[in-house]
Amino acid sequence: MTNTESPLAGRTVVLTGASSGIGLAIATLLAERGASLALAARRVERIEKLAASIRADGGRAIAVQTDVTVLADVRDLVQRAVDEFGTVDALVSNAGVARLGRIDQLDVEDWSAMIDVNLRGLLHGLAAVLPVFRSQGHGHVVTTVSTAGITISPTMGVYAATKNAARTVMEALRTESTDGVVRTTEISPGFVRTELADEMDPASRDRIQTGMREFGLDPHAVARAVSFALEQPHDVEIGSLTIRPTVQN
Ligand SMILES: NC(=O)c1ccc[n+]([C@@H]2O[C@H](COP(=O)([O-])OP(=O)(O)OC[C@H]3O[C@@H](n4cnc5c(N)ncnc54)[C@H](OP(=O)(O)O)[C@@H]3O)[C@@H](O)[C@H]2O)c1
C-alpha cells in the first residue's frame with residue numbers, strides 16, 4: 001500500500017543492487033513509503049518481477065538492466081529514471097560484491113572485481129547523477145559501505161579497502177557540497193542475511209554464511225536506515241550510520 005503521507009511520496013530514487021538482499025529490502029520499503037523507483041541490477045528478470053509487484057500494489061517502479069561497472073549502463077539507468085519520473089531525487093548506490101581471501105593468496109581477479117563494482121560502480125553513479133542534481137538544485141547520494149572497513153579482519157582486507165575508498169569519496173563529496181545542493185549518507189552494515197557470500201570460495205562462504213545464519217540482521221534493518229536518511233528535511237544530512245547485530249564484535 002502506497003503511503004501518500006510519507007516524506008518519500010513522489011520522490012524518485014535510483015537504486016542499484018535491487019535484485020537481492022539489502023537492495024531488495026530497500027526497494028520494498030521505499031515503494032511502501034511512496035517513492036518512485038528505478039531498480040537496477042544485472043539479473044533483469046528479478047528486478048522486472050519486483051517492479052511488476054510494486055506496480056501491482058499501486059506503486060511506481062521501472063526495472064533497468066544495469067552493470068554498474070559499465071558507465072554507459074549507469075548513465076542509461078539515470079536517463080531512464082528522468083524520462084519516466086521527470087527527476088531523480090536520490091541515488092542509492094548499493095550494488096556490491098565480496099570476494100574474501102588473504103592478501104597473500106594474490107587473487108588479482110577478485111581484487112579487480114571488488115574495485116570495479118564497489119568503488120568504480122559508485123563513481124559511475126556519481127558521474128551519471130551529479131549533473132542532474134546540480135541542474136535541479138538538490139539530490140541525495142546514499143551508499144552501502146560496511147563494518148568490514150571499521151574493524152579490519154583477516155581475509156577482508158581488499159573488500160574493506162574498496163568500502164573505505166567509497167567512504168572517502170563520499171566524505172570528499174560532502175565537503176565539496178556545502179552549498180546545500182547534494183546530501184551524502186554512507187551506511188555501514190555488519191552481518192546481514194543476504195546472498196553476498198554465495199560467490200565466495202567455499203571456506204569463506206561457509207564461515208560468512210554461518211555468521212549470517214546465527215546472528216545476521218534481517219535486511220529490512222538496513223532498509224529502515226536508508227529510508228530514515230532519505231526522509232529527513234533537505235537541510236538535514238545524516239552523514240554516517242552503523243548498523244550491527246547487537247552480538248557482533
Ligand atoms: N550482507 C552483509 O552482511 C553486508 C554487510 C555490509 C555491507 N554489505 C553491502 O551491502 C550491499 C548489498 O549486498 P547484499 O548483502 O544485499 O548482497 P547480495 O544479496 O549479494 O546483493 C548484491 C547486489 O549487488 C548487485 N550487483 C553485484 N554486482 C553488480 C554489478 N556489476 N552491476 C550491478 N549490480 C551488481 C547484485 O545484483 P545482480 O547480481 O543481479 O547484478 C545484487 O542485487 C553491498 O554493497 C555489500 O557490500 C553487505
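Keep in mind that what you see is a predicted model, and the values were worked out from it rather than measured. (Residues numbered from 1 in each chain as written. Predicted model: local features only at pLDDT ≥ 70, side-chain atom pairs only at ≥ 80, totals over all residues.)

## Regarding the nonpolar core
Nonpolar side chains tend to gather and get buried jointly when the protein is soluble and globular.
Consideration 1: V14, L15, A27, L37, A38, L39 and V226 are the most contacted members of the largest nonpolar core, which totals 70 residues.
Consideration 2: Ignoring anything within four residues of it in the chain, the contact list for L37 reads V13, L15, A27, L30, A31, I54, R60 and A61. (Core = buried A, V, L, I, M, F, W, Y, C linked by C-beta atoms within 7 Å. Buried ≥ 20, exposed ≤ 12 C-beta atoms within 10 Å, placed from the backbone. Contact = placed C-beta atoms within 7 Å.)

## Thoughts on the site of the ligand
Consideration 1: Neighbouring residues of the ligand: 29 residues in total, closest G17, G21, R42, R43 and G96.
Consideration 2: When residues in the shell around the ligand are grouped by element, the largest group, 3 residues, is from helix α1 (residues 21-32).
Consideration 3: Each residue belonging to the shell around the ligand can be placed in one class, and the counts come to 12 nonpolar, 13 polar and 4 charged. (Near = placed C-beta within 6 Å. Helix = DSSP H or I, 4+ residues; strand = E, 2+ residues; numbered from the N terminus. Nonpolar A, V, L, I, M, F, W, Y, C, P; charged D, E, K, R; others polar.)

## Examining the pairing of strand β1 (residues 12-16)
Consideration 1: Burial analysis of β1 places 5 of its 5 residues in the buried class, which makes it a mostly covered element.
Consideration 2: Here β1 shows a buried face lined by T12, V14 and T16 and a second buried face lined by V13 and L15.
Consideration 3: Pairing geometry for β1 and strand β2 (residues 36-41), over 5 bridges, is parallel. Across the sheet, residue T16 finds its bridge partner in β2, namely A40.
Consideration 4: Crossover handedness for the path β1 to α1 to β2: right-handed. (Pairing = 2+ DSSP bridges. Right-handed = clockwise from strand over helix to strand, strands pointing away.)

## Focus: the packing of α1 against helix α7 (residues 220-231)
Consideration 1: Taken N-terminus to C-terminus, the directions of α1 and α7 make an angle of 50 degrees; their axes are 8 Å apart at the nearest point. By the angle between their axes, α1 is oblique relative to α7. Helix-helix and strand crossings are classified by hand; for α1 and α7 the assignment is right-handed. Facing α1, whose interface residues are I22, A25, I26, L29 and L30, α7 presents H220, V222, A223, R224, V226 and S227.
Consideration 2: When its residues are assigned to classes, the contact of α1 with α7 shows 8 nonpolar, 2 polar and 1 charged. (Axes fitted to C-alpha atoms, helices over the stretch in contact; angles between N-to-C directions. Parallel < 35°, antiparallel > 145°, perpendicular 65-115°, else oblique. Left-handed = near helix turned anticlockwise from the far one by under 90°.)

## Considering the sheet that holds strand β6 (residues 182-189)
Consideration 1: The strand order across the open sheet formed by 7 strands is β3-β2-β1-β4-β5-β6-β7, and the pairing between neighbours is parallel. With one partner strand each, in any of the chains shown, β3 (60-65) and β7 (240-243) form the two edges of the open sheet. Taking the axes of each pair of neighbouring strands and ignoring which way they run, one obtains an average angle of 15 degrees across the sheet.
Consideration 2: Bridge analysis of β2 against β3 gives 6 bridges, and the strand direction is parallel. Opposite A38, over in β3, you have I62 as the bridge partner.
Consideration 3: The sheet contacts of helix α2 (residues 44-56) involve β2 and β3, and relative to β3 the element is tilted by about 170 degrees.

## Some thoughts on the confidence of the model for the protein
When pLDDT drops low, the exact placement of atoms in the prediction is not to be read closely.
Consideration 1: The share of residues in the protein with pLDDT of 70 or more is 98%, and the mean pLDDT across the chain is 96.
Consideration 2: By mean pLDDT, helix α6 (residues 202-215) is the weakest element of the protein at 93, and β1 is the strongest at 99. (pLDDT = per-residue confidence, 0-100.)

## Brief notes about the pairing of strand β4 (residues 90-93)
Consideration 1: Neither face of β4 is left uncovered, since the one carrying A90 and V92 and the one carrying L91 and S93 both have all their residues buried.
Consideration 2: Here β1 pairs with β4 via 3 bridges, running parallel. Residue pairing in the sheet places L15 in a bridge with V92 of β4.
Consideration 3: Since β4 and strand β5 (residues 139-144) lie parallel, the crossover through helix α4 (residues 108-136) that links them has a hand, and here it is right-handed.

## Examining the packing of α4 against helix α5 (residues 157-175)
Between two packed helices, what matters for the description is the angle formed by their axes and the separation of those axes.
Consideration 1: The geometry of α4 relative to α5 is characterised by a closest axis approach of 8 Å and an angle of 15 degrees between their N-to-C directions. Taken together, the axes of α4 and α5 lie roughly parallel to each other. By crossing handedness, the relation of α4 to α5 is classed as right-handed. The residues of α5 that touch α4, namely those facing W111, M114, I115, N118, L119, L122, L123 and L126, are V158, Y159, T162, K163, A165, A166, V169 and L173.
Consideration 2: Looking at the contact of α4 with α5, its residues break down into 13 nonpolar, 2 polar and 1 charged.

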